[in-house]
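# Structural description and commentary
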Amino acid sequence: MKKILLSAPIIFFLLTLGFLYRGLENDPKHLPSALIGKNIPTFELRTLDAENVLTQEQLLGQPFLLNVWATWCYACRIEHPMLVELSKRGVKIIGLNYKDQESLAGDWLDDKGDPYIFSIFDPDGKLGFDLGVYGAPETYLVDAYGIIMHKRVGVLDERIWQNEFKDKYYALENAIK
Amino acid sequence: MRYLLLFLISLLISVLNAEQLITFSDDAYLKRYQNLLEELRCPKCQNQNLADSNAPISNDLKEEIQRLLEQGLDDKDIKRALTERYSDFILYDPKFNKNTYFLWLAPFIVLLIGFWWVYSMSTKNYISQSKDRDLEK
């Protein structure tokens, strides 16, 4: 008993050390995603270069990636080739053009290629706010029923696709077949 | 004299520009608005609240808070609307829930362990000392 008592401070110290060490690996910039497991928010917005108004209902039926982008967002420029590559592999991507100008967004897609089935045009950031967007680019994995399964803030690259999205995406795609 | 006049005019302009740009239909909203900005954290910059932050996302959230205030929501509902989208991260005063209970309780647990430890040590010492005294006799 005495031994335990004497070593208690050391044990306590080691526990604290372990706890703090784990804290070092945590990313303080990481926001826990409030919308995982929830439906995509309702919206009524039109798509880029089209007049028809779109609602969340029209997104359902198949799993897809929802990618938040804008021409003012530098990291989106870096991310874009990866999205084009994914669309070539047959991955369904829907864009959310966030707080942008329509003409600039159109030029961007003409110039760099359009990986999106379509892009929802959200100049006021209304849907962006409802999604809790805080830093473009952001990518969401949404299932065929409109439930958000995963979220990634920052550039989607090959490594993140492989590690975080690929298996989940194909599992969802197989599930509806 | 002319320069002095110019100086005074420019001073006046700068003062006018520094005026509070946010206006509410009711003055009570302004006070609540300022309190909310103090308590809510900028999602993009961990160590600033919305009041301090000039990040575009903070300005968006400020506008949104203004809109919600004008809609007549109370502070609790506004905070809920924001945490539903941006998670508890944005609260500088986190609620007690399954994610934060350790944060709230840990100091008390540590304190209790400390008391227990000091208490045990002191009684042990007392016993061993009295044993020593017994041996001396």
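Scroll up to find the structure.
Computed from a predicted model, the values in this text were never measured in an experiment.

### Overview of the interface of chain B and chain A
Opposite the 21 residues of chain B that make contact, chain A presents 24 residues. Taken over both partners, the interface formed by chain B and chain A buries close to 2,000 Å², and the fraction arising from carbon and sulfur atoms is 69%. Connecting chain B to chain A are two salt bridges. A:Asp130 is paired through a salt bridge with B:Arg85; the nearest N and O atoms lie 2.8 Å apart. At the junction of chain B and chain A, the tally comes to three residue pairs in polar contact (both at pLDDT 80 or more). Elements that contribute at least two residues to the side of chain B that touches chain A include exactly α3 (56-70), α4 (75-86) and α5 (101-136) of chain B. Tallying contributions element by element places α5(B) first for the side of chain B that touches chain A, with seven residues.

### Considering the state of the cysteines
Scanning the model with the defined rule gives two disulfides over all chains in all. Two residues, A:Cys73 and A:Cys76, share a disulfide whose sulfurs are 2.1 Å apart. Looking along the S-S bond of the A:Cys73-A:Cys76 disulfide, the torsion reads about 95 degrees, which is the right-handed sense. With its sulfur 2.2 Å from that of its partner, B:Cys42 forms a disulfide with B:Cys45. Across the S-S bond linking B:Cys42 and B:Cys45, the dihedral sits near 85 degrees, which makes this disulfide right-handed. Of the two residues, B:Cys42 and B:Cys45, both sit in the buried class.

Criteria and thresholds
- Residues numbered from 1 in each chain as written.
- Chains lettered and ligands numbered in written order.
- Predicted model: local features only at pLDDT ≥ 70, side-chain atom pairs only at ≥ 80, totals over all residues.
- Heavy atoms only, no water.
- Contact = heavy atoms within 4.5 Å.
- Buried area = accessible area lost by both parts, 1.4 Å probe.
- Salt bridge = Lys/Arg side-chain N within 4 Å of Asp/Glu carboxyl O.
- Polar contact = N/O pair within 3.5 Å; in protein donor to acceptor, adjacent residues only side chain to side chain.
- Helix = DSSP H or I, 4+ residues; strand = E, 2+ residues; numbered from the N terminus.
- Disulfide = S-S within 2.5 Å.
- Buried < 20%, exposed > 50% of the residue type's maximum accessible area, 1.4 Å probe, protein only.

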